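# Inside the fold
Okay, here's what each chain looks like letter by letter:
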Amino acid sequence: LDFETAPNVFELPILAVDTTGDSNMQILTVYLTDVDEPPVFLDNLNNQDLLIYIPEGTPPGPLYEPNVVDPEGKPLTFSLKPENPAFSINPGNGFIASSQTFDYETGNKSYTFSMSVTDGTHTVVKTVIVYIVNTNDAKPQFKIKNTFFTIPEELPPGQVVANITAEDPDSFNYVGYLLYSLSPTQYFAINKYSGVITVAMRMDRDAQPLRDSPLVTVLVTARYSPPGVHTNSLTLTFNITDINDNPPDCNPAAQRQEVPETEVKGALIATVTCTDIDVDPANNQFKFTNLSCLRCNQMFAWSTKEPGNIVLTGSLDIEDPNNFYVGNEYSISVVAEDLGNPQMKGTAYIYVTTTPVNEYPPVFHPGLYVFNVSEIEGPSATVGVVNATDEDFPSIGITYSIAAGGSTLGLSNIFWIDPNKGIIKLLVRPDYEVKQRYDLLIEAVDGDPIKPLTSTATVIINIIEVNDEPPVCQPNGTTLIIPSDLRPGTNLRDFILTCTDLDSPPSSFRYAMKGVSNVNNHFVFSPTSGTNITRLILKEPFDYSGGLDKTWNYKLTVLIFDDNLLVGARQPKGLVGTGTIIINIQVVNPSLTTVSTTTPQPSITYITKKENVYSSTAWYVPFIIALGSMILLGLLGYLLYQLGKYLSTKDCSCCVPRVNKYKESLLDRIPETGNNAKKEVVMEMTKINTVFDGEAVDPVTGKVYEYNTKSGARRWKD
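Residues numbered from 1 in each chain as written. Predicted model: local features only at pLDDT ≥ 70, side-chain atom pairs only at ≥ 80, totals over all residues. Heavy atoms only, no water.

Worth spelling out the cut-off: UniProt positions are given in the numbering used here, feature names are shortened, and annotations may be inferred rather than shown by experiment.
Looking at an unreviewed UniProt entry, one finds the protein named Cadherin related family member 3 and attributed to Lepisosteus oculatus. Taken from UniProt, the Subcellular location (unreviewed entry) comment for the protein reads in full: "Membrane".

### Here's the deal with the overall build of the protein
Basically, it comes down to this: Runs of E in the DSSP output that reach at least two residues are strands. Runs of H or I that reach at least four are helices, and both are numbered from the N terminus. Each residue's exposure class comes from its accessible area (1.4 Å probe, protein chains only) as a fraction of the maximum for that residue type: buried when under 20%, exposed when over 50%, partly exposed otherwise. In this analysis, two residues are considered to be in contact whenever any of their non-hydrogen atoms come within 4.5 Å of each other. Computed with the Shrake-Rupley method and a 1.4 Å probe, the accessible areas treat only the protein chains shown as cover for residues.
Along the backbone of the protein there are three helices and 49 strands. The buried share of the protein, reckoned over its 718 residues, is 34%. Relative to all contacts within the protein whose residues are 6 or more apart in sequence, the contacts with residues 24 or more apart total 65%. As displayed, the protein has an accessible area near 43900 Å², and 55% of this comes from carbon and sulfur atoms.

### Description of the sheet that holds strand E10 (residues 110-118)
Cut-off, in case you're wondering: Two strands form a pair only when DSSP identifies at least two bridges running between them. Between the N-to-C directions of two axes lies an angle of 0 to 180 degrees, each axis being a line fitted to C-alpha atoms and, for a helix, fitted only over the stretch in contact.
With mixed pairing, four strands are arranged side by side in an open sheet as E4-E11-E10-E7. The sheet is open, and its two borders are formed by strand E4 (50-55) and strand E7 (77-81), each paired with just one other strand. Across the sheet, the mean angle from the axis of one strand to that of its neighbour is 25°, orientation sign disregarded. Taken together, the nine bridges between E10 and strand E11 (residues 123-133) define a ladder with antiparallel strand orientation. Note on E11: the bridge partner recorded for Ser110 is Tyr131.

### Let's talk about the sheet that holds strand E26 (residues 300-302)
To summarise the sheet geometry, strands pair through backbone hydrogen bonds and adopt either a parallel or an antiparallel arrangement. Ordered in space as E23-E27-E26, the three strands form an open sheet in which the pairing is antiparallel. In this open sheet, the two strands that pair with only one neighbour each are strand E23 (268-271) and E26. Each strand of the sheet is rotated relative to its neighbour by a mean of 30°, with strand direction disregarded. Two strands pair when backbone bridges link them, and E26 and strand E27 (residues 309-312) are joined in this way by three bridges, in the antiparallel orientation.

### Description of the side chain of Ser98
On the secondary structure map, Ser98 appears in strand E9 (residues 96-98). Of the residues examined, Ser98 reaches a relative accessible area of 8% and is grouped as buried. Each residue touching Ser98, except ones within four places of it in the same chain, is listed here: Pro59, Pro60, Gly61, Leu63, Ala86 and Phe87.

### Here's the deal with the packing of aromatic side chains
Filter applied, for reference: Pairing of aromatic rings covers Phe, Tyr and the six-membered ring of Trp, with a centre-to-centre limit of 6.5 Å; geometry is then stacked below 30 degrees between planes, edge-to-face above 60, and tilted otherwise. By definition here, charges over rings are those cases where NZ of Lys or CZ of Arg is within 6 Å of the ring centre and within 35 degrees of the ring normal.
In total, this model carries 20 aromatic pairs according to the counting rule given. For the pair Phe286 and Phe288, a centre-to-centre distance of 5.9 Å together with 90° between the ring planes defines the contact as edge-to-face. Measuring from ring centre to ring centre gives 5.9 Å for Tyr511 and Phe525, while their planes differ by 35°; the resulting arrangement is tilted. Of this pair, Tyr511 sits in strand E42 (residues 510-513) while Phe525 sits in strand E43 (residues 523-526); the two residues are 14 residues apart in sequence, bridging distant segments of the chain. Each member of the pair, Tyr511 together with Phe525, is buried. Stacked on the ring of Tyr104, the Lys or Arg Lys109 has its end atom at 5.0 Å from the ring centre. The residue whose ring lies beneath Arg256 is Tyr351, and the NZ or CZ to ring-centre distance is 5.0 Å.

### Some remarks on unusual backbone geometry
For the bond running from Lys81 to Pro82, omega is -10°, close enough to zero to count as cis. For Pro82, the position within the fold is in the loop between E7 and strand E8 (87-89). Of note, the bond from Gln208 into Pro209 is cis; its omega dihedral lies within 30 degrees of zero at 5°. As for its position among the elements, Pro209 is in the loop between strand E18 (196-199) and strand E19 (215-225). The phi dihedral of Asn520 is positive, around 65°, even though this residue is not glycine. Structurally, Asn520 is set in the loop between E42 and E43. For Asn520, a relative accessible area of 35% puts it in the partly exposed group.

### Regarding the state of the cysteines
Stated precisely, the cut-off is as follows: By definition, disulfides here are pairs of cysteine sulfur atoms that lie within 2.5 Å.
Counting across every chain of the model gives three disulfides. The partner cysteine of Cys250 in its disulfide is Cys274, sulfur to sulfur 1.9 Å. Residues Cys250 and Cys274 are joined by a disulfide whose S-S torsion is about 90°; by sign, that bridge is right-handed. Taken together, the residues span a long stretch of sequence, with Cys250 in strand E21 (residues 249-250) and Cys274 in strand E24 (residues 274-275) at a distance of 24 residues. For the pair Cys250 and Cys274, one class covers both residues: buried.

### Regarding the pattern of salt bridges
Definition in use: Should a side-chain nitrogen of Lys or Arg be within 4 Å of a carboxyl oxygen of Asp or Glu, the pair is scored as a salt bridge.
On inspection of all chains with the given rule, the structure shows eight salt bridges. Between Arg202 and Glu154 there is a salt bridge, with its nearest N and O atoms 2.8 Å apart. Of the two residues, Arg202 sits in the loop between E18 and E19 while Glu154 sits in the loop between strand E13 (148-152) and strand E14 (160-163), which places them 48 residues apart along the sequence. The closest approach of N and O atoms between Lys345 and Glu337, which form a salt bridge, is 3.6 Å. Overlapping salt bridges, with partners in common, bring together Glu154, Arg202 and Asp204 in one network.

### A closer look at the nonpolar core
Looking at soluble globular proteins, one finds that nonpolar side chains tend to be buried together. Test applied: The nonpolar core is taken to be a set of buried Ala, Val, Leu, Ile, Met, Phe, Trp, Tyr and Cys residues, with the residues joined through side-chain atoms within 4.5 Å.
The biggest cluster of nonpolar side chains holds 27 residues, and the ones touching the most others in it are Phe188, Ile197, Leu236 and Phe238. Elements with a minimum of two residues in this core: E13, E14, strand E16 (177-183), strand E17 (188-190), E18, E19 and strand E20 (231-241). Apart from the residues within four sequence positions on either side, Leu236 is in contact with Thr147, Phe149, Ile164, Ile197, Val216, Thr217, Val218 and Val220. In terms of nonpolar packing, the next biggest core, distinct from the first, is built from 25 residues, Phe495, Tyr544, Ile585 and Val587 among them.

### Digging into the side chain of Asp390
Stated precisely, the cut-off is as follows: Asp and Glu are treated as the negative residues and Lys and Arg as the positive ones, with His and the ends of the chain left uncounted. N or O atoms closer than or at 3.5 Å make up a polar contact, with two conditions inside protein: a donor-capable atom paired with an acceptor-capable one, and, for residues adjacent in sequence, both atoms drawn from side chains.
By secondary structure assignment, the location of Asp390 is in the loop between strand E33 (388-389) and strand E34 (398-404). Put simply, Asp390 is tucked away with no salt bridge, and the nearest opposite charge, on Lys451, sits 12 Å away. For Asp390, the side chain forms a polar contact with the main-chain nitrogen of Asp392, separated by 3.0 Å. With residues up to four places along the chain from it excluded, the contact list for Asp390 reads Asn358, Tyr360, Pro361, Ile398 and Asp446.

### A few points about the UniProt feature "transmembrane region" (unreviewed entry) in the protein
In the numbering used here, UniProt assigns the "transmembrane region" (unreviewed entry) feature to residues 619-641. Each end of residues 619-641 is marked by a C-alpha atom, and these two atoms are 34 Å apart; helix forms 96% of the span and strand 0%.

### Brief notes about the environment of Ile461
By the element assignment, Ile461 lies in strand E38 (residues 454-464). In this structure the C-alpha to C-alpha distance between Ile461 and Val383, which are 78 residues apart in sequence, comes to 8.0 Å. Contact partners of Ile461, with chain neighbours within four places excluded, come to Phe371, Val373, Val383, Phe415, Ile424, Gln436, Arg437, Tyr438 and Leu440.

### Focus on the environment of Val9
Tracing the chain through its elements places Val9 in strand E1 (residues 9-17). When the C-alpha positions of Val9 and Leu32 are compared, they lie 5.9 Å apart, and in sequence the two are 23 residues distant. When residues no more than four places from it in sequence are discounted, the contact partners of Val9 are Thr29, Val30 and Tyr31.

### Topic: the pairing of E7
Within a regular strand, side chains alternate between the sheet's two faces. Side chains Phe78 and Leu80 of E7 all project onto a buried face; the interleaved residues Thr77, Ser79 and Lys81 project onto a face where none is buried. Where E7 meets E10, five bridges bridge the pair, whose relative direction is antiparallel. Following the sheet pairing, Phe78 is matched in E10 by Val117.

### As for the confidence of the model for the protein
Put simply, the rule is: Confidence per residue, as judged by the predictor, is encoded in pLDDT with a range of 0 to 100.
With 87% of its residues at a pLDDT of 70 or more, the protein has an overall mean of 84. Under a pLDDT of 50 for its full length, residues 661-675 has, in the predicted model, one contact with residues more than four places off or in other chains.

### Remarks on the environment of Thr490
Looking at the element boundaries, Thr490 is found in the loop between strand E40 (478-483) and strand E41 (491-500). For the pair Thr490 and Arg535, spaced 45 residues apart in the sequence, the C-alpha separation amounts to 9.7 Å. When residues no more than four places from it in sequence are discounted, the contact partners of Thr490 are Leu536, Ile537 and Leu538.

Take a look at the structure:
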């Protein structure tokens, strides 16, 4: 029973009942007497010790307010034992407060006190324990003292260069980890758990940017995981040093030099330029050591005046058999060796090719050539071959050409020479009667494109005479009209045939007629041979009335040969030339026609000279002409098409010609007669009197003849 909380008086009714059912009730009054009790804690201190937790770094302030009452309501007094300046208690209300900031790492980890509360009579003592809680309030601390490292270049990726260790100054079992990071990450990498720094990529001290700035600065950062607010960074500097890792580099590593065979001793052949890109002077100094050349016979050597220069010490003459054996090509290798450790070597190659020099002109063997060619040889016939040699080696070829001679008949040259083989051929057929000898100047040029040398040789070509010219006779194609009663032995219309032959004398001609054309052998030439002038004579009379002759029109084919060997004159050997003329003879009945004298018209012989002037480089000329022709034809066709369309739309009925009722055909005037009516044939001939207004002397016979200057008609002058 609690006097302070329960009623102080209790009235208890008591009822008594017997077995018979009678009862009686009395009131029992109980009075509660107050007793002085000690103070009572109403919080956890009532049954346990007080535990207070203070995180380190917490500023001074109240820590705990007890909940204590005295049952009798007496005032209470609080005290804290033992006394500690870090803590204080309010005697009136028992407030416990801290008076300083605690550090877990440097101060006490806990404090134990006895808190007493008394009402003046009774005292209650409770235990108070204060724990200083360790917190993550400090940034990581690096253990490393040296932040400058010197490492060589060309370390392989993954090579360890530093080990960075940091620790948490808060000494408690922290459940997280320290994580490491590094920036920049161009050359180095860091293990984020262990802090080991390794090489991330190749570092070349001899290349930019390390060549000019070999110091690499990185920032290492340590942080907590899970991430917190506390981090710490450390700057590291790496000095990248040079090693002798580059041999001397010769640029170009291989070079080709062309040296003329006439180069003198001591001449500069090639310059070898080498560099060592190592930065450290102890590693980039070098010297030239070996110069080797297979089968060079001590032909090249280092210059004693200028390092790196190779000079000529022998002869490069291509015609020298010793040089010919090695092919006039030399392969030189040189070595540049640096002075560093380890020693590095660089090699350069020089390929020397001896270029020939055109020292000797071509020489003809012999210097004079004599060839004979028949005048009947045609184009492309071989006349002869010339040959020239060149002492220069290797042979660069000889080109032949005709420098002078060979012109005739209006042609610049009738000969052609193969530019490579020296074969002289005919372009056209030669003519003994025009020219009997040709003196050619043949030029031989060697194949040097820069400084060609030349020589010449004389070629005499004699044309051998051959009977190759056919007789040429005039007039040709003459038409003679003779009466059918002409007496035998008569010269038909005073017809005279005059023949010439360029390679035969006048006495070598022989005349004949094809039998088919000379029906019944009415006609004959007189004389038949031995002269170049002959007359056409009627040999046999015509017999039309007796039925022997039925041909009124004769087409005589006259053959003229130059093979009359009966004469004693000189006759060239060769083919027999044959000339042909046609004589048209028309026989008329003198009783029905009027015969007119026809003067033979002289014929004209045209000589056509053809020369192919087409050049393959002028291909565009026929192309443009053909293209223009096709365009013009297309345009003409289009115009004709448009004209047809236009005319098809026009009415042409007005253009139909009217019948002339007054016009009468000549056939209408012929009276109708029987089929047996005789028709009179009337022949009208016009006699033209030619006026001969000029005179000249025939070059063959020496006779004087007259001619018409307009028509060309001619006749012998009586």
